[in-house]
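Results of the structural survey
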Amino acid sequence: MAGIGSILAPLYSFYNTLFQPLLVMGPYVSLGFFSVVLAGLFSVIYWWLLDIERADEIKDKLNDYQDKMKEARENDEHDKASDHLKKTLQLNQKFMMLNMKPMIATMVFVGLFFPWLGATYAPTIQMNQTDNATYQGQLNYAGQDTLITAQNTSSGIQVSSEGSTAGIKGEIQAFNMQWQVINFNTVDVDTHDANLKLNAEFLKLPFSLPLVGGALNWLGFYILIVMPLTYIFRKILGVQ
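Values in this document were obtained by computation on a predicted structure and should not be read as measured data.

The rules we used
- Residues numbered from 1 in each chain as written.
- Predicted model: local features only at pLDDT ≥ 70, side-chain atom pairs only at ≥ 80, totals over all residues.
- Heavy atoms only, no water.
- Helix = DSSP H or I, 4+ residues; strand = E, 2+ residues; numbered from the N terminus.
- Rg over C-alpha atoms; globule rule 2.2 N^0.38 Å.
- Buried < 20%, exposed > 50% of the residue type's maximum accessible area, 1.4 Å probe, protein only.
- Contact = heavy atoms within 4.5 Å.
- Areas by Shrake-Rupley, 256 points an atom, 1.4 Å probe, with all protein chains shown as cover.
- Patch = residues over 30% accessible without salt bridge, like charges linked within 9 Å, V, L, I, M, F, W, Y side chains within 5 Å.
- Salt bridge = Lys/Arg side-chain N within 4 Å of Asp/Glu carboxyl O.
- Lys, Arg positive; Asp, Glu negative; His and termini not counted.
- Charge placed at Lys NZ, Arg CZ, Asp CG, Glu CD.
- Polar contact = N/O pair within 3.5 Å; in protein donor to acceptor, adjacent residues only side chain to side chain.
- Phe/Tyr/Trp six-rings, centres within 6.5 Å; stacked < 30°, edge-to-face > 60°.

When you go through the protein residue by residue, the secondary structure sums to five helices and 10 strands. Taken over the C-alpha trace, the protein has a radius of gyration of 24 Å; the compact-globule value for 240 residues is 18 Å, which it surpasses by more than 25%. For the protein, the spread of C-alpha atoms along the principal axes amounts to about 75 × 40 × 40 Å. By the burial criterion, 37% of the 240 residues in the protein qualify as buried. For the protein, restricting intrachain contacts to residue pairs at least 6 apart in sequence, the fraction spanning at least 24 positions comes to 48%. Approximately 14200 Å² of the protein is accessible, and the part contributed by carbon and sulfur atoms is 60%.

What follows is the structure, encoded as structure tokens:
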């Protein structure tokens, strides 16, 4: 874990410096920009590395065999249906192998960039104990710092920032944005230092969803933007 951290630390520092002018424009603008660029980049990767003619040929054959399989089942021709199913599965395997190269290339970019996005919009803050019940740390965004204080009270951990206070699963204010307090864990039994996990809230939902809650975090907001854009970009490039 320490080895991974030592590799990512200079990369994070490079991204922070490179994208600071964009980050200071606000979380919505910066993440919206990253979402559009990554959707376009991933679409171009598929267009460049995928054998489109071969992929279209396989899809045409798949559609043909699926129609034949449906017809055979309707006519109770089980042997023919089984044979068409077998050929369909073989074609699906070929199609998956054809997509492997662009998929691997895409995952390389995901591995290099997404951890930084998570660290930027869903940071884990190291909190230092200042007395028996109080911890302090710094939330960093776009080269700016704001003080985060956590107090261990009779009603549980209370986290404060820029005049706002909330418990676990509550919301605090920082950099003109709401941040959900995810958890607070002691990480060192000797120093009693702790980690505070926050998650920037990008879009309030009219209802609560399983695993999502009542608001979209950076990943949900990214997916919301990327899905339609990816479809549009791939349509333009002829990659389906």
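Moving on, there is more to tell.
Once that is clear, we can look at a negative patch on the surface. Together, Asp-67, Glu-71, Glu-74, Asp-76 and Glu-77 give the surface a local cluster of negative charge. Here Glu-77 lies in the loop between helix H3 (52-74) and helix H4 (78-121).

Tracing the sequence through the fold places Ser-161 in strand S4 (residues 156-161). Residue Ser-161 is classed as buried on the basis of its relative accessible area, which comes to 2%. Here the side chain of Ser-161 touches Gln-173 through a polar contact of 3.0 Å, landing on its backbone oxygen. The residues contacting Ser-161, other than those within four sequence positions of it, are Thr-146, Leu-147, Ile-148, Ile-172, Gln-173 and Ala-174.

In this section: the packing of aromatic side chains. On inspection of all chains with the given rule, the structure shows 20 aromatic pairs. With a centroid separation of 5.1 Å and an interplanar angle of 90°, the aromatic rings of Phe-114 and Tyr-222 are classed as edge-to-face. Of this pair, Phe-114 sits in helix H4 while Tyr-222 sits in helix H5 (residues 218-237), and the two are 108 residues apart along the sequence. Judged by relative accessible area, which is 16%, Phe-114 ranks as buried. In this structure Tyr-222 comes out as buried when scored by relative accessible area, which is 7%. With centroids separated by 5.1 Å and ring planes inclined at 20°, the aromatic side chains of Phe-202 and Phe-221 adopt a geometry described as stacked. Note that Phe-202 is positioned in the loop between strand S8 (194-200) and strand S9 (203-209) and Phe-221 in helix H5, a separation of 19 residues in sequence. Just as Phe-202 is buried, Phe-221 falls in that class too. Three or more aromatic residues link up through ring pairs in this structure, and these residues are Phe-14, Tyr-15, Phe-19, Phe-33, Phe-34, Phe-113 and Trp-116.

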